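Results of the structural survey
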Amino acid sequence: MHVPPFSLTEQLRQLGDTLDHAVLDVLRSGQYIGGATISDFEAAFAASCGVPHAIGCNSGTDALVLALRGLGIGPGDEVITSSFSFFATAEAISAVGATPVFVDVDPDTYLIDPDRIEAAITPATKALMPVHLFGRPVDMERIGAIAAAHGLRVIEDCAQASGASWAGRPVGSWGDAGAFSFFPTKNLGAAGDGGMVTCRDPELAQRIRELAVHGMPRRYLHTELGYNSRLDALQAAVLAVKLPHLPRWVERRRAIAERYQRELAGLPGLLPAAPGPEGHSWNQFVVRVLHCPAASAACGGRCTPAADSASYGLPEARCRDWLKLQLQEAGVTTIIYYPIPIHRQPAYADLGYGPGSLPVTERLCAEVLSLPIFPELSAEQQDSVIAAVRRLVGAQALAA
Ligand SMILES: *Cc1c(COP(=O)(O)O)cnc(C)c1O
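Considering the domain arrangement of the chain
- Partitioning the chain into structural domains gives domain 1 (9-245) and domain 2 (246-399).
- Its C-alpha centre places domain 1 at a distance of 27 Å from the equivalent point of domain 2.
- If you look at the interface, domain 1 gives 45 residues, while domain 2 gives 39 residues.
- In total, about 3,400 Å² of surface goes out of reach between domain 1 and domain 2, with carbon and sulfur atoms giving 59% of it.
- Taken together, domain 1 and domain 2 are joined by zero salt bridges.
- Residue assignment for the side of domain 1 that touches domain 2 shows that the elements contributing at least two residues are helix 1 (9-29), helix 4 (88-95), strand 3 (99-103) and strand 6 (165-166).

Here it is in structure tokens:
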């Protein structure tokens, strides 16, 4: 049996005619940019996040850029975030001319470690950008308290966390702004690119709306330099059909995650993702494959050196890479989110974060492996993932 890391077409099949009709209606209407399909979806999305305003745009990356620009963050400003994330988190900060400042993550949650934030605050710090990585919500009460104490803005990177909440309140409703992605593999995925900014302040919402359309408050009057970043009607139509299903899909993800936790607990050298707070939306289920001290012995000499980790000065990833290869041979496709942390990317060499500067993040990048998790994953498919992991990890331990 082959188990893919995600499945996009299965969802389409389930939605069937409803989705087909929604797309055809837009095609036939000729209203592709702007219009009620988009504003209705924005209103529905805002309601699902418990905020008064949601502004569609063309990607999660742009949602971050628009939120930063909307809050007046730019050259000379620093924004504190985590390096254990998708590159776009930091890229958006740099795109507005500000500087990303990376704080190490908590080894159990993989999220920015609130205890380390205050040490990174300088007079140039303007905002905190917590990332709800893999769908796990950051402790937004802690983040809010730190921001309030230092007069900082908060922009939530909710790209992986549609459907997640902290303390019963949806992500994207805690900070000054939230940025969501509708990239197809996220919890709520479009049939292409798309994004959304959520906020409570009507003036900020208006500013972001204008920035997204060439800084244009009224037709052909441009009050500042903006972007061409819109959610188009076809994507809004697809997303509007899917949004009501999101809570049910997230429930499925939770059930799959709980089963992985139960059945992969206690294996030697393997740490399944910690149980989440209630509002975890499980965009990914990550296991840590701990690197055994005598790598070649433990893997029976079968593990291969990882070229990537060697060249970026990262810890050894051989056991993880070995498990990934073996799972692939057993028909289970896994993904590494992320093999190289943002602060060690060549594009950020000038920031000067050397090897070992964020040790927890660097270790996680050498150990993490995402197992298949998506709402349509069948019990039989999950059986086969669990059986393969148990067999391989058990065999690895025996060889040690
Ligand atoms: C996907 C993602 C983004 C960017 O979203 P796009 O829609 O792909 O531009 C930003 N941050 C994180 C954490 C992401 O996972």
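Looking at the site of the ligand
- Close to the ligand lie 13 residues; Gly 60, Thr 61, Gln 160, Ser 181 and Lys 186 are nearest.
- Within the contact set of the ligand, an oxygen atom lies 2.5 Å away from a side-chain nitrogen or oxygen of Thr 61.
- One of the side-chain nitrogen or oxygen atoms of Lys 186 is found 2.8 Å away from an oxygen atom of the ligand.
- When residues of the shell around the ligand are traced back to their parent elements, those giving at least two are helix 3 (60-70) and helix 4.

So, the packing of aromatic side chains
- With the rule as written, the count across this model stands at 14 aromatic pairs.
- Ring geometry for Tyr 110 and Phe 134: centres 5.8 Å apart, planes at 80 degrees, overall edge-to-face. Taken together, the positions of Tyr 110 in the loop between strand 3 and strand 4 (125-129) and Phe 134 in the loop between strand 4 and helix 5 (140-150) put the pair 24 residues apart, joining distant regions of the chain.
- We classify Tyr 110 as buried; its relative accessible area is 3%.
- Residue classification places Phe 134 among the buried residues on the basis of a relative accessible area of 3%.

The rules behind these values
What you see as residue numbers is a count from 1 along each chain, following the sequence as written. In keeping with the predicted nature of the model, local features appear solely for residues at pLDDT of at least 70, side-chain atom pairs appear and are counted solely at 80 or more, and the whole-chain, interface and lining totals rest on all residues. Neither water nor hydrogens contribute to the side-chain values; these are computed over all heavy atoms in the structure. Those domain boundaries reflect an automatic or database domain assignment. Contact between two residues is taken to exist if any of their heavy atoms lie within 4.5 Å; hydrogens are not considered. Accessible area that two parts lose when put together, evaluated with a 1.4 Å probe and summed over both, is termed the buried area. The salt bridge definition used is simple: a Lys or Arg side-chain nitrogen within 4 Å of an Asp or Glu carboxyl oxygen. Numbering of helices and strands starts at the N terminus; helices are DSSP runs of H or I of at least 4 residues and strands are runs of E of at least 2. For this description, a residue counts as near a given molecule or strand if any of its non-hydrogen atoms is within 4 Å of it. Any N or O atom pair separated by 3.5 Å or less is treated as a polar contact, with the protein-specific requirement of one donor-capable and one acceptor-capable atom, and with residues adjacent in sequence counted only for side-chain atom pairs. Two aromatic rings, drawn from Phe, Tyr or Trp (for Trp, its six-membered ring), form a pair once their centres lie within 6.5 Å of each other, and the interplanar angle then sorts them: stacked below 30 degrees, edge-to-face above 60, tilted otherwise. Exposed residues in this analysis have more than 50% of their type's maximum accessible area, buried residues have under 20%, and partly exposed residues fall in between, with area computed by a 1.4 Å probe over protein chains only.

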